[in-house]
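One-letter residues, chain by chain:
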Amino acid sequence: MQEPSVQEAAERTARALAETVRRLRAAAARAHAEARTRAAVDLATGILAERLGLPVAEAAAHLARLARESGVPVLVLATDIARLPEPGTEPEPGQGPRTGPDGAPGPAAFGLPAAEPPEAGPPVAPALASAPDLEHAARAVLDQAAAAFGVRAVAVWQRLPGGALALAAHAGLRAEEAAGWSRVPPGVPTPAQLVVGGGAELWPGEPGTDGPSVGGAAARAVVPLLDRHRRTGALELLWPVTGPDSAPVLGPARRRGLYALADLCATLLGPPPEPVPPERADDLLDGLLTPALLLAPVLRAERIADFTVVRVNARFRDPLGRPREALEGASLLETYPVASAAGLLDRLLRAYETGVPSTAERVRLAFREQGPAVPVAVLLSVVPLGGRVLVCWRLDDEREEDEHAALLRQAQRLARVAGFEERPAEGRIRWSDGLRELYGLPSDAPPVPLDRLVRHTHPDDRPAVRRLLDTVRHHHRTASAVVRLDRPDGTHRFTRVIAEPVVDETGRLVAVRGAYHDVSAQHWTEVALGATRERLADSEQESAERAQLALRLQQAILPAAPPPLAVTGLHAAVRYRPAAQRDRVGGDWYDVLVLPDRRVLLAVGDVAGHGVGAATGMVALRHALRGLAVTGAGPGRLLEWANTVALREPGQVTATAVCVLVDPVGGELRWARAGHLPPIRLGADGAQVLPLPHGVLLGALDDAEYEERTARLDPGDVLLLYTDGLVERRDRPVEESVEQLLRAAGAPGPDLEQYLDRLLELSPADTDDDTCLIAVQTE
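Just so we're clear, the structure is a prediction, and the values are computed from it rather than from any experiment.

> When you look at the overall build of the chain in this model, what are you seeing that I'm missing?
Counting its secondary structure elements, the chain contains 21 helices and 25 strands. Counting only residues that meet the buried cut, the chain has 47% of its 779 residues in that class. If you take every contact in the chain between residues at least 6 apart in sequence, the share linking residues at least 24 apart comes to 58%. As displayed, the chain offers around 38,300 Å² of accessible surface, 53% of which is attributable to carbon and sulfur atoms.

Structure (structure tokens):
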């Protein structure tokens, strides 16, 4: 390799020296610019401190905040406040020294006489105000705080959407430790998370500072970073721990200095990232499926004093019934003053300031327009959104309606009942859960119109379907039919279809609605019953076998005891006494059923005749009422449907019945009767036979209607339902027999079972008829 010549070596050295000179000049220029910047910011800070009466640290924070709000660099604003010439201009000759005591440009360098030095204070504030970014700011804080307060490390935390914290800047921490704490998930109880989440600032030695955090074992202080009253993060300062009492003591003056540092860090940190831009908040509000309001904060004296209702979506329902137009643009405190005082305003402020949403919180708020305040249970969610607050509240009665609907669906599934509604003019058909399964169709199959019901039934049942449709659509009357639904898998279900017309004020049919009731189990029971009866007719053991059959039917159809009613607060007892020993199955029946909405159905009936034939009609009526009661219909409507069933049963069944719905909570009862004896209320004031509402026998008339009556049960009252076999005599009216029996039996007492036994023992009846008794007592 050839050695370079002397000339080439000299030229290379000259180039290196020239490059060094240029680098040094550039460094000197940068140092000169930084010195001028510090001098300008120092001067502007001193002016603000003197004119506003602030400590230097707070004046520097105020300067940085003004620069950010004005959208100009700190240096430009500082020169404007101090009325200095723009950087780069030279002062006129004779205006004084051009540098200060530290060699940096002094006031004369900007054409001004020397100014009085500002009040002494932490000099880190002006340096931080002119810091170009958050990392430089963190280092500037540490440099000065280490000397002034003994701080060994600084961490700047930023709140992220969703409640997590990010380590936005740090100084004095090891790189690997900072990387491990780069993100703190929500719910981790670090000191910074406690402060950002709405807690008070933390000072060394206070509870909460010993939680897990960056820096390990250290004394620490945590101050929130605020942007327009919203907590955007936290400034955390760490001191070394040298002994049990080594935590620094920070007095009011030092704490004010740290507040100012936090303001400057918040200015550099900027506003928190928003998950939804403000311009899209209105679109989001309209797209919500829950009732919601969009609120904007109202500032007074630099504090949030109220919220304005910006928007209300279409699903929002005002508890006081006011329209949307009366709410939008109104003050929250003026619109809902009592609710705001009861905690609503505090929840809004906490969510807005901390950025942490609260979801599905069940609270009780009070609303008042005139008169006393009305407390309402509300499911409340508050979410900060684009500088505003999204509030979703749902009245708890709507939630209870959903729960009742879910209970109703479960009851319908257990009773194998499904509903439908068809609006031919609109081309709309609605099916409830379970109807597709009954048809054997997939879950995504379209509903089957009533016009096509005949295609899904057995050929022998199609005439009955046509008669049903003709009765409903042309005669506008309720009709029912039992048909065999043919399923795609080759099986069929015995189904009772009940349909009723819905007409408008002009008498025009607008809809058809009704229910499908899977009665396959009942059908096969009846088939088995019929087959057993035919076999017994030719058997030498007919009497013994019929007695055995009667006993089994009694056990299967009429349980010896009612279902447990403890959950409803009621106590019930029942008795059934057959008419004869040879054939114990008669036409009397009873039922006690707890409905999905916690009401209790009580029913007693008497089918005309005795024996297995009467039991067949009893089975049909009892199962029909049990299945249809879960629809929520009243007792009068249930008897109308039972009348339709009785008319369609083979042999034209006729029967009497009384149907009662008891509300255990309020003690209210609604009842209707079909030619049956009225219930009796036994209370502290004696026995009272309830009034007789209008209602003919089941199976007597096509268009029968059944009137409803209401009454009330007080705590301890007993309601008695019975059939005529208890009191019927050939020589006197039934009313006299009832009065004589109640007088002889006396008060019910606490044991209903003994009371019913006493009634049967003292019964004045002489007709040897079946007897059913139900007694229900409120707690």
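> Teacher, can you tell me more about the confidence of the model for the chain here?
Detailed conclusions should not be drawn from predicted coordinates in areas where pLDDT is low. Overall, the prediction assigns the chain a mean pLDDT of 78, with 77% of residues at 70 or greater. With pLDDT under 50 throughout, residues 84-131 is counted as low confidence; its partners more than four residues away or in other chains account for 84 contacts.

> What exactly am I supposed to notice about the packing of aromatic side chains here?
Geometrically, a pair of aromatic rings is defined through the distance of the ring centres and the angle of the planes. If you walk through the whole model with that rule in mind, you get 5 aromatic pairs. Judged by centre distance (6.3 Å) and plane angle (80°), the rings of Phe 307 and Tyr 352 are edge-to-face. With Phe 307 in strand β7 (residues 303-312) and Tyr 352 in helix α12 (residues 337-354), this residue pair connects regions lying 45 residues apart in the sequence. Site record: aromatic cluster; members linked through ring pairs are Phe 420, Trp 431, Tyr 439 and Tyr 516.

> Just to check I follow, could you spell out unusual backbone geometry for this structure?
Trans is the common state for peptide bonds, and a negative phi is the common state for residues other than glycine. Of note, the phi angle at His 476 is positive, near 55°, even though the residue is not glycine. By the element assignment, His 476 lies in the loop between α15 (462-473) and β13 (479-486). When its relative accessible area of 32% is taken as the criterion, His 476 is described as partly exposed. Notably, Arg 598 is not glycine yet its phi reads approximately 75°, a positive angle. If you trace the backbone, Arg 598 turns up in the loop between β17 (586-594) and β18 (600-610).

> For this particular structure, what's the right way to read the sheet that holds strand β1 (residues 153-159)?
The strands making up a sheet associate through backbone hydrogen bonding, with each pair oriented either parallel or antiparallel. The strand order across the open sheet built from 5 strands is β3-β2-β1-β5-β4, with neighbouring strands paired in antiparallel fashion. The open sheet has two edge strands, β3 (183-184) and β4 (219-227), and neither has a second partner. Across 9 bridges, β4 lies against strand β5 (residues 230-239) in antiparallel orientation. Bridge pairing in β5 links Arg 220 to Leu 238. In this fold helix α8 (residues 252-269) packs onto β1, β2 (165-171), β4 and β5, with an angle of close to 50° to the strand it touches most, β4.

> What is the right way to look at the sheet that holds strand β21 (residues 680-683) in this model?
Strands sit in the order β16-β25-β24-β21-β22 across an open sheet of 5 strands; the sheet is antiparallel. Both outer strands of the open sheet, β16 (570-577) and β22 (686-689), are each paired with one neighbouring strand and no more. Put simply, the sheet's adjacent strands are angled 15° from each other on average, direction ignored. Note: β21 against strand β24 (residues 718-722), 3 bridges, orientation antiparallel. In the strand pairing of β24, Arg 681 is matched with Leu 719. Seen against the sheet, helix α20 (residues 734-745) touches β21, β22 and β24 and runs at an angle of roughly 25° to β21.

Rules and cut-offs
- Residues numbered from 1 in each chain as written.
- Predicted model: local features only at pLDDT ≥ 70, side-chain atom pairs only at ≥ 80, totals over all residues.
- Heavy atoms only, no water.
- Helix = DSSP H or I, 4+ residues; strand = E, 2+ residues; numbered from the N terminus.
- Buried < 20%, exposed > 50% of the residue type's maximum accessible area, 1.4 Å probe, protein only.
- Contact = heavy atoms within 4.5 Å.
- Areas by Shrake-Rupley, 256 points an atom, 1.4 Å probe, with all protein chains shown as cover.
- pLDDT = per-residue confidence, 0-100.
- Phe/Tyr/Trp six-rings, centres within 6.5 Å; stacked < 30°, edge-to-face > 60°.
- Pairing = 2+ DSSP bridges.
- Axes fitted to C-alpha atoms, helices over the stretch in contact; angles between N-to-C directions.

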